[in-house]
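The residues making up each chain are set out below.
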Amino acid sequence: MNSAMLTPMANPMANPTSPPMVTLLPPTTVPPMPAALEDVLEAAPRPPGARAARAKGFTLIEILVVLLIVSLLASLALPRYFQSIDGAKETVLAENLRITRDTIDKFYGDTGRYPASLDELVEKKYLRALPFDPVDDSSTNWQIIPPEDTSQGEVYDLKSAAKGNNRDGKPFAEL
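Residues numbered from 1 in each chain as written. Predicted model: local features only at pLDDT ≥ 70, side-chain atom pairs only at ≥ 80, totals over all residues. Heavy atoms only, no water.

A.B. asks: Mind laying out the overall build of the chain, listing which residues take part and the relevant values?
C.D. replies: The helix and strand inventory of the chain stands at 3 helices and 4 strands. Going from the N terminus to the C terminus, the chain shows its helices and strands as β-β-α-α-α-β-β. Expressed as a percentage of contacts within the chain between residues at least 6 apart in sequence, the contacts between residues at least 24 apart total 40%. By element, 61% of the accessible surface of the chain is carried by carbon and sulfur atoms, the whole surface being about 13700 Å². (Helix = DSSP H or I, 4+ residues; strand = E, 2+ residues; numbered from the N terminus. Contact = heavy atoms within 4.5 Å. Areas by Shrake-Rupley, 256 points an atom, 1.4 Å probe, with all protein chains shown as cover.)

Next up, the structure:
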């Protein structure tokens, strides 16, 4: 408290030997600054390089730092993403080959002969659709291997026609 705000007052009922009573006065308030004066102060010239107190937006340095961080994270994540995509394609290819080979064996067990084509497996409802090769991105580009005795049919086995090797270095045609 400010000592100027404390003023002793005489109390006529008070005992003359008692200390004087102290009454607090309300503090003085400063009136708000007019809006026009605020505008003048904000528009006042600043020294070169000084920033305004309420700057809006981002600086070029801030944007470049954010872009650097985003590109660094992308450069770390994208190679793993593409490896996982390739791994998923290889897994789907191996599973499609396994299912189709199993279906060819079931067809042989039921009919005593191999199918004339992969389309025959679909027509006779052994497969819902032709198998898809995700590595070659085709469902029609398969290497069909006929049985040794061609009188028993035309599709003994199938292999992928995709070029290249899987992650283990094995050619796709040998899966």
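There is more to say, and it comes next.
A.B. asks: Run through a nonpolar patch on the surface, naming residues and quoting values.
C.D. replies: Among the surface-exposed residues, F58, L60, I61, I63, L64, V65, L67, I69, L72, L73 and L76 lie close enough to one another that they form a single nonpolar patch of about 1200 Å² accessible area. Assignment of secondary structure puts L60 in helix 2 (residues 60-111). (Patch = residues over 30% accessible without salt bridge, like charges linked within 9 Å, V, L, I, M, F, W, Y side chains within 5 Å. Salt bridge = Lys/Arg side-chain N within 4 Å of Asp/Glu carboxyl O.)

A.B. asks: So what about the packing of aromatic side chains? Which residues, and what values?
C.D. replies: Tallied over the entire structure, the rule returns 4 aromatic pairs. Ring geometry for Y108 versus Y114: centroids 4.4 Å apart, planes at 20°, classification stacked. Its relative accessible area of 30% is what places Y108 among the partly exposed residues. Members of the aromatic cluster, joined through ring pairs, are Y108, Y114 and Y156. (Phe/Tyr/Trp six-rings, centres within 6.5 Å; stacked < 30°, edge-to-face > 60°. Buried < 20%, exposed > 50% of the residue type's maximum accessible area, 1.4 Å probe, protein only.)

A.B. asks: Please give an account of the side chain of S138 that cites residues and values.
C.D. replies: Its location among the elements puts S138 in the loop between helix 3 (118-123) and strand 3 (142-145). Judged by relative accessible area, S138 falls into the buried class, the value being 14%. Once you skip the residues sitting within four places of it in the chain, S138 turns out to touch P131, F132 and D133.

A.B. asks: Tell me about the confidence of the model for the chain, residues and numbers included.
C.D. replies: On average, residues of the chain score 82 in pLDDT, and 69% of them reach the 70 mark or higher. Mean pLDDT values for the elements of the chain range from 52 in strand 1 (residues 6-9) up to 94 in helix 2. (pLDDT = per-residue confidence, 0-100.)

A.B. asks: Explain the nonpolar core to me, using residue names and the numbers behind them.
C.D. replies: Counting 13 residues, the largest nonpolar core has L93, L97, I104, L118, L121, W142 and L158 as its most contacted members. Broken down by secondary-structure element, the contributors of at least two residues to this core are helix 2 and helix 3. For this core, the element with the highest residue contribution is helix 2, accounting for 4 residues. When neighbours within four sequence positions are excluded, L97 is seen to be in contact with W142, L158, K159, S160 and L175. (Core = buried A, V, L, I, M, F, W, Y, C linked by side-chain atoms within 4.5 Å.)

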